[in-house]
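The chain contents come next:
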Amino acid sequence: MPMRHAYAVDVEWTGAGAEGTSTHRSYTRDHVVRVEGLPDILGSADPTFRGDRGRHNPEQLLLAALAQCHMLSYLHQAASRGIVVTAYRDAATGEMETSGTGGRFTRAVLHPVVTITDAGRAADALDAHLQAGRDCFIAASVAFPVLHEPTIVVDGEVVARHGAATGGEL
């Protein structure tokens, strides 16, 4: 039986100024994202779309959600497999195409660099990214490929790397 989970956020536009949306340039895209009990996230549009580069934009937050979800799924996989992870970082990238007033993401590429304690587990540590990619709720919910280019490190040395981004296979 499927379990249902509910999430709630409040988004408030704070950029009306004196004129509101009387023209495309009369208002800012500034807003606040609130989740009860957590610090506010100051948001705006991407600077390309008249946003404030000093605030997070929805495209960055989508990419962050994908990277976070994969990381958490990966750490679960590592613990389940007995792989000891001591560090994890990801410099995720995404591509979006626009046409007219619309647009969509065409892909995201995660570049996790994972430090483990045992070089003998490097192949399994790479393989764990496949299952983590399948387990990530956010990646399963988007209509574009989420690819992975993982690197495995032991004692500061790269011991395994996947060079070409793939989603379903390493």
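Before reading on, note that the structure itself is shown above.
Here is a short report on the structure shown in this document. Quick caveat, the model's predicted, so the values are computed rather than measured.

## Structural notes on helix 1 (residues 58-81)
Now for step 1: Taking 1.5 Å of rise per residue, 24 residues should cover 34 Å, and helix 1 covers 34 Å from first to last C-alpha, within 8% of that figure.
Now for step 2: All of the buried residues along helix 1 are Leu63, Leu66, Ala67, Cys69, His70, Ser73, Tyr74, Gln77 and Ala78.
Now for step 3: The N-terminus of helix 1 is capped by Asn57, whose side-chain oxygen sits 3.0 Å from the backbone nitrogen of Glu59.
Now for step 4: After helix 1 finishes, the residue Gly82 shows a positive phi value of roughly 75°.

## Concerning the side chain of His31
Now for step 1: Its location among the elements puts His31 in strand 2 (residues 31-34).
Now for step 2: Not counting the four nearest positions on each side in its chain, His31 is found in contact with Val11, Glu12, Trp13, Thr14, Ile41, Leu42, Gly43, Ser44 and Arg55.

## Quick notes on helix 2 (residues 122-135)
Now for step 1: Taking 1.5 Å per residue as the helical rise, helix 2 with its 14 residues ought to reach 20 Å, and the 20 Å between its terminal C-alpha atoms agrees with that figure.
Now for step 2: Every buried residue belonging to helix 2 is among Ala122, Ala125, Leu126, Ala128, His129, Leu130, Ala132 and Gly133, and all of these are buried.

## Concerning the sheet that holds strand 7 (residues 112-116)
Now for step 1: In space, the 4 strands of this open sheet follow the order 4-7-9-10, with mixed pairing throughout. Of all strands in the sheet, those bounded by a partner on one side alone are strand 4 (85-90) and strand 10 (157-161). The sheet shows a mean angle of 25° between the axes of neighbouring strands, direction not considered.
Now for step 2: Alignment of strand 7 against strand 9 (residues 151-154), held across 3 bridges, turns out to be parallel. Note on strand 9: the bridge partner recorded for Val113 is Thr151.
Now for step 3: Of the strands in this sheet, strand 4, strand 7 and strand 9 are in contact with helix 1, which crosses strand 4 at around 160°.

## Let's talk about the environment of Val146
Now for step 1: Checked against the element boundaries, Val146 lands in strand 8 (residues 146-148).
Now for step 2: Residue class for Val146 comes out buried when judged on its relative accessible area of 11%.
Now for step 3: In sequence terms Val146 and Ala108 are 38 residues apart; their C-alpha atoms lie 4.8 Å from each other.

The rules we used
- Residues numbered from 1 in each chain as written.
- Predicted model: local features only at pLDDT ≥ 70, side-chain atom pairs only at ≥ 80, totals over all residues.
- Heavy atoms only, no water.
- Helix = DSSP H or I, 4+ residues; strand = E, 2+ residues; numbered from the N terminus.
- Expected span 1.5 Å × (residues − 1).
- Buried < 20%, exposed > 50% of the residue type's maximum accessible area, 1.4 Å probe, protein only.
- Polar contact = N/O pair within 3.5 Å; in protein donor to acceptor, adjacent residues only side chain to side chain.
- Contact = heavy atoms within 4.5 Å.
- Pairing = 2+ DSSP bridges.
- Axes fitted to C-alpha atoms, helices over the stretch in contact; angles between N-to-C directions.

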